[in-house]
Amino acid sequence: MTEQEMWQAVLNNDAGYDGVFFYAVKTTGIYCRPSCKSKPPKKENICFFETSEQARKAGFRPCKRCRSDLIDYQPMKQIAEDVKCKIEKVYREQADLCKKLNEVGITGRRLADIFKDEYGMTPKAYADHLRLAEAKRLLKDTDKKVIDIAYSVGFGSLSAFYSFFKKEEKITPSEYRRESKNKKKTGDFRHE
Ligand SMILES: [Zn+2]
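The residue count restarts for each chain, going from 1 along the sequence in the order it is written. Where totals are concerned, whole chains, interfaces and linings use all residues; where local detail is concerned, this predicted model gives features only for residues with pLDDT of at least 70, and gives and counts side-chain atom pairs only at 80 or more. Only hydrogens and water are set aside; all other atoms, that is, all heavy atoms of the structure, feed into the side-chain values.

Moving on to the overall build of the protein chain. Numbering goes from the N terminus for both helices and strands, where a helix is a DSSP run of H or I of at least four residues and a strand is a run of E of at least two. Helix and strand counts for the protein chain stand at nine helices and four strands. Helices and strands appear in the protein chain in the N-to-C order α-β-β-β-α-β-α-α-α-α-α-α-α. The buried label applies to any residue whose accessible area, calculated with a 1.4 Å probe on protein chains only, is under 20% of its type's maximum; exposed applies above 50%, and partly exposed to all values in between. In the protein chain, which comprises 192 residues, the share counted as buried stands at 40%. Within the protein chain, residue pairs in contact and separated by at least 24 positions form 56% of the contacts whose partners lie at least 6 positions apart. Residue contacts are defined here by distance: any two heavy atoms, one from each residue, within 4.5 Å place the two residues in contact.

Now the structure itself:
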């Protein structure tokens, strides 16, 4: 995380960063969590710490307002979990997904690394995985038009959906639907 990103989080009182880092104000000798509602300090007067312990060791006192002493280092795991929840909520809308991930405030590349460490795939791959599972469910269990399914899982066009689906499943959505309906009829669907 760059200083600029941390400074931005302080200006935004961004609770998403609580525990990720702390900032201390040299003129007051107090350290805060990013979400602290106290008046934003001057940029030249602050310094950043990863943990509340580091801030204390450097001689700063915890803030009485945000109780920066009650929270400690938030593991990357937590960030990865938050991102996972966000993706699960918004994966159906691609534009929204980007926005939600931007809200986490960490740059795309770094976020992808954190997420990958935890779940073995990038946030994008995870969103794609959810989209595919949902599309398959809709193809199998509903009679919705393929184009409607494409839109409802976040694709802007039928052709984008087709090429995505074909790449993942090696067959087209319509073929997939036909196959799963046939399986249903012959009764061996459960054994898939
Ligand atoms: Zn504070």
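A separate point is the pattern of salt bridges. By definition here, a salt bridge exists when the distance from a side-chain nitrogen of Lys or Arg to a carboxyl oxygen of Asp or Glu is within 4 Å. One pass over the full model with this rule turns up nine salt bridges. Close ionic contact of aspartate 128 with lysine 124 constitutes a salt bridge, the shortest N to O distance being 2.9 Å. Highlighted residues: aspartate 128 and lysine 124, both in helix α6 (residues 123-141), separated by four residues, approximately one helical turn. On the accessibility criterion, aspartate 128 (14% relative accessible area) is buried. A salt bridge links aspartate 128 to arginine 131; the shortest N-O distance between them is 3.0 Å. You can see aspartate 128 and its partner arginine 131 sitting in helix α6, three residues apart, about one turn around the helix. In this pair, the class of aspartate 128 matches that of arginine 131, namely buried. Here the salt bridges do not stand alone but share partners, grouping Lys124, Asp128 and Arg131 into one network.

In this section: the sheet that holds strand β4 (residues 61-62). Two strands qualify as a pair provided DSSP detects at least 2 bridges between them. Reading across the sheet, the four strands line up as β3-β1-β2-β4 and stay open at both edges, with mixed pairing between neighbours. In this open sheet, the two strands that pair with only one neighbour each are β3 (46-49) and β4. Bridge count for strand β2 (residues 30-32) against β4 is two bridges, and the pairing is parallel. Of the residues in β4, the one forming a bridge with tyrosine 31 is proline 62. Against the sheet, helix α1 (residues 3-11) makes contact with β1 (22-25) and β3, and its axis sits at roughly 105 degrees relative to β3, the strand it touches most. Every angle, taken between N-to-C directions, lies between 0 and 180 degrees, and every axis is a line fitted to C-alpha atoms, over only the stretch in contact when it is a helix.

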